[in-house]
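Tertiary structure, described
What follows is the residue order along each chain.
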Amino acid sequence: GAGVSQSPRYKVAKRGQDVALRCDPISGHVSLFWYQQALGQGPEFLTYFQNEAQLDKSGLPSDRFFAERPEGSVSTLKIQRTQQEDSAVYLCASSLGGTGNQPQHFGDGTRLSIL
Amino acid sequence: GDSVTQMEGPVTLSEEAFLTINCTYTATGYPSLFWYVQYPGEGLQLLLKATKADDKGSNKGFEATYRKETTSFHLEKGSVQVSDSAVYFCALSETGTYKYIFGTGTRLKVLA
C-alpha cells in the first residue's frame, strides 16, 4: 500500500519568506508526527497529532512554526519568516495508534534550504 | 531526560564482514527500542524493534537484543552486503508515550 507521502521533496526559499510543507499519512493512521533532521543528526521531535487534535507541540522551535491537521488526515507544517537555521530535512511520520510501541512510518522528507 | 547514544561513524567494512553498531540508552521507565535505516535520499525505514527486556528483534539478517541490565540495543549482522550501506539510527519510545528519541546515526559503508 501507499506509504507516507511528503511534498515538495525540495524547497528553496529566501530568508524571510513563508513556506508550507505537506504530509499525507498512511490511510487510517491515527497519529501523525513531524520531525526536524539537521545535517548529520538524528531526527528531533517537533509536534504530534492524534486525529485532528494537536496533543504536543513542545518541540516546535519558535512561534514561527505552526502545524495543522484540520480533518485528521493531511497535515501541513508552516514556517513563517524563515531563517537560515531553519534549513533542514523535515520528516513526517504516521502510526496506526497512539502508543510508543507501535512503529512510526516515515516519509522521504522535505529538504528545506533557506538562502 | 531520556537519551540514545550511538557509536560514531563512519563504519567501513568489506563485504561479508561481521557488523556491530553499538547503541545504549538512558530512560526512566521501560522503553520500546527501535533500529531505523536511512538510505541516501530516502526517509527512515523501520528495520527492527523490541518492546521489552530480552526481546530480540530481527529482520533482513539484522538482529538486536534488548538488554536492560546494560541498557543496550546493539545492532548486529553476520555478513554485510554492499546494499547495506546506509545510515542506521537507534531510537527509543518511553512506555505510554509516543515521542521517539533518536541517536545521531551511524553511517555504514560496505566495500565490494
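Heads up: these notes are all about the structure in this document. Because the structure is a prediction, the values reported are computed rather than measured.

As a further point, take the overall build of chain B. For chain B, the helix and strand inventory stands at 0 helices and 12 strands. Helices (α) and strands (β) of chain B occur, in sequence order from the N terminus, as β-β-β-β-β-β-β-β-β-β-β-β. The C-alpha radius of gyration computed for chain B amounts to 13 Å, which stays within 12% of the reference 13 Å derived for 112 residues, consistent with globular compactness. Here chain B holds 112 residues, and the buried ones make up 45% of them. Across chain B, contacts joining residues at least 24 apart in sequence account for 57% of those joining residues at least 6 apart.

On any regular strand, side chains alternate: one points to one face of the sheet, the next to the other face. All names here are of chain A. Burial of strand S3 (residues 19-24) is one-sided: the residues Val 19, Leu 21 and Cys 23 facing one way are buried, the residues Ala 20, Arg 22 and Asp 24 facing the other way are not. The pairing of strand S1 (residues 5-7) with S3 spans 3 bridges and is classified as antiparallel. Counted as the bridge partner of Ser 5 is Asp 24 from S3. In this sheet, strand S8 (residues 75-79) lies alongside S3 in antiparallel orientation, the contact comprising 5 bridges.

In this section: the packing of aromatic side chains. A complete count under the given rule lists 18 aromatic pairs over all chains for this structure. Relative to B:Tyr36, the ring of A:Phe106 has its centre 5.4 Å away and its plane inclined at 80°; by these criteria the two rings are edge-to-face. Of the two residues, A:Phe106 sits in strand S10 (residues 105-106) while B:Tyr36 sits in strand S5 (residues 32-38), which places them in two different chains. What makes A:Phe106 buried here is its relative accessible area of 9%.

Parameters and conventions
Residues numbered from 1 in each chain as written. Chains lettered and ligands numbered in written order. Predicted model: local features only at pLDDT ≥ 70, side-chain atom pairs only at ≥ 80, totals over all residues. Heavy atoms only, no water. Helix = DSSP H or I, 4+ residues; strand = E, 2+ residues; numbered from the N terminus. Rg over C-alpha atoms; globule rule 2.2 N^0.38 Å. Buried < 20%, exposed > 50% of the residue type's maximum accessible area, 1.4 Å probe, protein only. Contact = heavy atoms within 4.5 Å. Pairing = 2+ DSSP bridges. Phe/Tyr/Trp six-rings, centres within 6.5 Å; stacked < 30°, edge-to-face > 60°.

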